[in-house]
Amino acid sequence: MRFLLDAEQREFARSLDGLLASSDTPAAVRSWAAGDHAPGRALWARLAEAGVFALAVPERHEGFGPLPLDIAVAFTELGRHAVPGPLVETVAAAALLDRLGDPDAAAARLPGIASGKTVASLCLTALGPYALDADAADTVLVVDGDVLRVGAEPGPVQPSADPARRLSRPSGGTVLAEGPAVVSAAAHAADVATLATAAQSLGLGRALLTRTVEYVKQRTQFGVPIGSFQAVKHRLADTLVALEFAEPLVHGAALALAAGSPGAGRDVAAAKVTAGEAAHRAARTALQLHGAVGYTDELDLSLWIRKARPLRDAWGTPAACRARVLTV
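Each chain has its residues counted from 1, running along the sequence as written. Since the coordinates come from a predicted model, pLDDT governs what is reported: local features require at least 70, and pairs of side-chain atoms require 80 or more to be given and counted, while whole-chain, interface and lining totals use all residues. Hydrogens and water molecules were not included; the side-chain quantities draw on all heavy atoms of the structure.

## Overview of the overall build of the protein chain
Here's step 1: What the protein chain contains, in helices and strands, is 11 helices and 9 strands.
Here's step 2: Taken against the 2.2 N^0.38 rule, which gives 20 Å for 328 residues, the C-alpha radius of gyration of the protein chain at 19 Å falls within 12% of a compact globule.
Here's step 3: Each residue is assigned to one of three classes by its accessible area relative to the maximum for its type, calculated with a 1.4 Å probe on protein chains only: buried under 20%, partly exposed between the two thresholds, exposed over 50%. Taking all 328 residues of the protein chain together, 55% fall into the buried category.
Here's step 4: Every accessible area reported is derived by Shrake-Rupley at a probe size of 1.4 Å, with residue values counting cover from the shown protein chains alone. Taken as a whole, the protein chain presents about 14,100 Å² of accessible surface, with 55% of it coming from carbon and sulfur.
Here's step 5: Counting 31 positive and 34 negative side-chain charges, the protein chain places the averaged centre of each group 8 Å from the other. Each helix is a run of H or I in the DSSP string that is no shorter than four residues. Each strand is a run of E no shorter than two, and both are numbered from the N terminus. Radius of gyration here is computed from C-alpha atoms only, and the compact-globule reference equals 2.2 Å multiplied by the residue count raised to the power 0.38. Charged-residue counts in this description rest on Lys and Arg as positive and Asp and Glu as negative, His and the chain ends being excluded. Where a charge sits is defined by one atom per residue type, namely NZ (Lys), CZ (Arg), CG (Asp) or CD (Glu).

## Considering the layout of surface pockets
Here's step 1: There is about 820 Å³ of room inside the largest pocket.
Here's step 2: Elements supplying a minimum of two residues to the lining of the largest pocket: strand 1 (120-124), strand 2 (131-132), helix 7 (180-218), helix 10 (301-313) and helix 11 (318-327).
Here's step 3: A per-element tally of the lining of the largest pocket places helix 7 first, with 6 residues.
Here's step 4: Across the lining of the largest pocket, the residue classes tally to 23 nonpolar, 8 polar and 5 charged.
Here's step 5: Cavities and pockets are found on a 1 Å grid laid over the protein atoms alone: a cavity is a set of points where a 1.4 Å probe fits but cannot escape, a pocket is an open set with protein on both sides within 12 Å along at least five of seven lines, and a lining residue has an atom within 4 Å of such a point. Grid points are joined across faces, edges and corners, and a volume is the space filled by probe spheres set on the points. In this structure, the second largest pocket occupies an estimated 220 Å³ of space. As a working rule, the residues Ala, Val, Leu, Ile, Met, Phe, Trp, Tyr, Cys and Pro are called nonpolar, Asp, Glu, Lys and Arg charged, and the rest polar, with Gly in that last group.

## Some words on empty space enclosed by the protein
Here's step 1: Applying the stated rule across the entire model yields 1 cavity of 30 Å³ or more.
Here's step 2: When its volume is computed, the largest cavity comes out at roughly 190 Å³.
Here's step 3: Around the largest cavity sit 21 residues that line it, and V83, R165, Q200, K307 and L311 are the ones nearest its centre.
Here's step 4: Of all elements in the fold, only helix 4 (68-80), helix 5 (87-99), helix 7 and helix 10 reach the threshold of two or more residues within the lining of the largest cavity.

## Considering the sheet that holds strand 1
Within a sheet, neighbouring strands are paired by backbone hydrogen bonds and run either parallel or antiparallel to one another.
Here's step 1: In spatial order, the strands read 1-3-4-7; together these 4 strands make up an open sheet with mixed pairing. Here the strands that pair on one side only, and so sit at the sheet edges, are strand 1 and strand 7 (174-178). Taking each pair of neighbouring strands and ignoring which way they run, the sheet shows an average axis angle of 20°.
Here's step 2: Sheet topology places strand 1 next to strand 3 (residues 139-144); 5 bridges connect them, and they run parallel. In this analysis, strands are considered paired if DSSP registers two or more bridges between them. Where helices are involved, their axes are fitted lines through C-alpha atoms of the stretch in contact, as for all axes, and angles between N-to-C directions lie from 0 to 180°.

## Examining the environment of A108
Here's step 1: Its place among the elements puts A108 in helix 6 (residues 103-115).
Here's step 2: Judged by relative accessible area, A108 falls into the exposed class, the value being 59%.
Here's step 3: Along the primary structure A108 and A292 are separated by 184 residues, whereas in three dimensions their C-alpha atoms are 50 Å apart.

## Focus: the sheet that holds strand 6 (residues 167-168)
Here's step 1: Judged by pairing direction, the sheet is antiparallel, and its 3 strands sit side by side in the order 2-6-5 without closing on themselves. Each end of this open sheet is capped by a strand with a single partner; those strands are strand 2 and strand 5 (157-158).
Here's step 2: Two elements, strand 2 and strand 6, share 2 bridges in a ladder whose sense is antiparallel. Bridged to A131 within strand 6 is S168.

## Let's talk about the pairing of strand 4 (residues 147-150)
Here's step 1: Side chains V147 and R149 of strand 4 all project onto a buried face; the interleaved residues L148 and V150 project onto the opposite face, where all are buried too.
Here's step 2: Direction of pairing for strand 3 relative to strand 4: antiparallel, over a ladder of 4 bridges. Paired with L141 across the strands is V150, a residue of strand 4.
Here's step 3: Bridge analysis of strand 4 against strand 7 gives 4 bridges, and the strand direction is antiparallel. Each bridged residue has a counterpart across the sheet, and for L148 the counterpart in strand 7 is A177.

## So, the packing of helix 7 against helix 8 (residues 230-259)
Here's step 1: The contact between helix 7 and helix 8 brings their axes to 10 Å, and the two run at 155°. Classed by the angle they form, the pair helix 7 and helix 8 counts as roughly antiparallel. Crossing angle aside, the handedness with which helix 7 passes helix 8 is left-handed. Along the contact surface, helix 7 presents D191, V192, L195, A198, A199, L202, G205, R206, L209, T212, V213 and V216, while helix 8 presents V232, L236, T239, L240, L243, E244, A246, E247, V250, A253, A254 and L257.
Here's step 2: Residue classes in the contact of helix 7 with helix 8 are distributed as 17 nonpolar, 3 polar and 4 charged. The scheme is simple: roughly parallel for angles under 35 degrees, roughly antiparallel for over 145, roughly perpendicular for 65 to 115, oblique for anything else. The hand of a helix crossing depends on one turn: near helix anticlockwise from the far one by less than a right angle means left-handed, and clockwise means right-handed. Should any heavy atoms of two residues lie within 4.5 Å, those residues are counted as being in contact.

Below you can see the structure in the form of C-alpha cells.
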C-alpha cells in the first residue's frame, strides 16, 4: 500500500516550511528555554493563522478537523524547524475535549485552541507526572485515573535534557469530569499525542540529516571534503534509510486513526518507535560528524540535537511502544 500526500497537503507542508524558515525559530527556542515566551507565542499565533491547531478541532467548534493525516503533515514541519511550546499537548487536549462528551466543556475551550488564543498543556498521570510547558499554558488539564481536572497549578519547572522542554508537576485544579468517558477520551488523546510526536521526530530527523549533509560537503580533512569518505557516506545512508522507513508508518498510522481502525493504537505505537529512533540516530550522526562544534550552544544545530532523545521518549518510550505493538 502506498501512502502519498495529495497536492493540497504537499502545498500545506511547503507553506508551513516557508513560514517557519522566515521566523528565526532558533531565537524563539532560546528565549523559550530562558522563560521568555513572547517570541514563541508570536510564532504560535502565526501557526494558528495557518490553521495548524484547527486541524484537531471539529468544525462545530470553529475548527477544520479532526484530520490526523494533516496533523501529521503539520507536525513534521514543526519538528523540522524545532518550534518550541506544548504543540503536541494542545492538539491532544483538543482531542480529549472533543471525545469527552461534554458539550459545555468543549464549547468553552475548543474555539480558543483552534484560533491559537488558548495554549494548553496536558498531563496523563498514567504516562508520567509531568506536564510540558504548563508555566506558559492558558489551560492545564490533568487526567488521573478516571478524573479530569482543569486549571491545575504548574509547579516549579524541572531540568530537562532539552532546555526548551519545560517540565513541571501540576497540582490541584477543579474536577471537570470523571468516569469511563474520561478514560476513553484520554486514551484517544494519547494516541493523537503519540502520532503528533512521531511526526515531530520525523521532521526533526530530516532537518538533522539535511544540515549534516551540507556540513560534510564543506568540512575537509586531508584536503578533501569528509563527505567523500566511505564511512561517512554509509552513516548518512543508514540515517536516510531509517527516516524513509519511518515516514509511511507515520502516514499509515494517521490514516488508521482517522478511520477509527481497531488496530490504530498498534499502528501509532509502531510509527512512534520507528520515527523516534530514526531521529535519535540522525542526532547521533549529526553530533559525530560535526565533531566538537556539535556540542556548542552557539551552534543552532545543537537545539535540534537536544530534542531527539526527549521526543523519542515522550508519549511512549521505545520499550512501551514495542510492547503495545505486540499486545494490541
